[in-house]
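Close look at the chain arrangement
Given next are the chains, with one letter for each unit.
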Amino acid sequence: MTSILHIFFLIVFFFQLFMQSIFFLTFVTSSKLIGAGLATIGVVGAGAGIGIVFGGLLLSVARNPLKEPRLFQLSLLGFALCEAMGLLAIMMAFLILYS
């Protein structure tokens, strides 16, 4: 029983040494940077969505100019939803980077 405890304490001791090593800190920092970069990919989707929304607005107003006020209201709603997704992606990147 005591040999198992000795092995356990040795494992804990070496793990604590590893957690304080430069290699571990460099690995964590680089992983955070890579994760934050990957999290910002969602901003590309938000930009594409905004382009699609306003492209659809232009096409629909060209087809039916009388409905322009209602179509503009709906396009602003679509813009807000797309922009919210982009802001959430940026928020996730900052949470990964600074946590």
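These remarks concern the structure in this document. (Residues numbered from 1 in each chain as written. Predicted model: local features only at pLDDT ≥ 70, side-chain atom pairs only at ≥ 80, totals over all residues. Heavy atoms only, no water.)

Within the protein, the secondary structure is distributed over four helices and zero strands. If you list the helices and strands of the protein from N to C, you get α-α-α-α. Whereas a compact globule of 99 residues would reach a radius of gyration of roughly 13 Å, the protein reaches 25 Å, over 25% beyond that. With the C-alpha coordinates aligned to their principal axes, the bounding extent of the protein is approximately 85 × 25 × 15 Å. The 99 residues of the protein split such that 13% are buried. Taking all contacts inside the protein whose residues are at least 6 apart in sequence as the whole, residues at least 24 apart take part in 71%. When the accessible surface of the protein is summed, it comes to about 7,800 Å², and 81% of that surface belongs to carbon and sulfur atoms. (Helix = DSSP H or I, 4+ residues; strand = E, 2+ residues; numbered from the N terminus. Rg over C-alpha atoms; globule rule 2.2 N^0.38 Å. Buried < 20%, exposed > 50% of the residue type's maximum accessible area, 1.4 Å probe, protein only. Contact = heavy atoms within 4.5 Å. Areas by Shrake-Rupley, 256 points an atom, 1.4 Å probe, with all protein chains shown as cover.)

Time to look at the packing of helix 2 (residues 22–39) against helix 4 (residues 68–98). Two measures define how a pair of helices packs: the angle their axes make with one another and the distance between the axes. Close contact between helix 2 and helix 4 brings their axes to 8 Å; oriented N to C, the two are set at 175°. As far as their axial angle goes, helix 4 and helix 2 are roughly antiparallel. Only Ala89, Met92, Ala93, Ile96 and Leu97 of helix 4 make contact with helix 2, whose side of the interface consists of Lys32, Leu33, Gly35, Ala36 and Ala39. By residue class, the composition of the contact of helix 2 with helix 4 is eight nonpolar, one polar and one charged. (Axes fitted to C-alpha atoms, helices over the stretch in contact; angles between N-to-C directions. Parallel < 35°, antiparallel > 145°, perpendicular 65-115°, else oblique. Nonpolar A, V, L, I, M, F, W, Y, C, P; charged D, E, K, R; others polar.)

Relative to the helices and strands, phenylalanine 72 is located in helix 4. Between the C-alpha atom of phenylalanine 72 and that of isoleucine 7, which follows or precedes it by 65 residues, the distance is 69 Å.

A few words now on the packing of aromatic side chains. Within this structure, the stated rule accounts for five aromatic pairs. With a centroid separation of 5.5 Å and an interplanar angle of 65°, the aromatic rings of phenylalanine 13 and phenylalanine 14 are classed as edge-to-face. The class of phenylalanine 14 is exposed, set by a relative accessible area of 52%. With a centroid separation of 5.9 Å and an interplanar angle of 55°, the aromatic rings of phenylalanine 54 and phenylalanine 79 are classed as tilted. Here phenylalanine 54, found in helix 3 (residues 41–63), pairs with phenylalanine 79, found in helix 4; they are 25 residues apart in sequence, far enough to count as distant. According to the relative accessible area criterion, phenylalanine 54 is partly exposed, its value standing at 30%. (Phe/Tyr/Trp six-rings, centres within 6.5 Å; stacked < 30°, edge-to-face > 60°.)

At a minimum axis separation of 8 Å, helix 3 and helix 4 run at an interaxial angle of 175°. In this view, helix 3 runs roughly antiparallel relative to helix 4, as classed from their interaxial angle. Where helix 3 approaches helix 4, its residues Gly42, Val43, Ala46, Gly49, Ile50, Val53, Phe54, Leu57, Ser60 and Val61 are matched on the opposing element by Glu68, Leu71, Phe72, Ser75, Gly78, Phe79, Cys82, Glu83, Gly86, Ala89 and Ile90. Residue composition of the contact of helix 3 with helix 4, grouped by class: 13 nonpolar, six polar and two charged.

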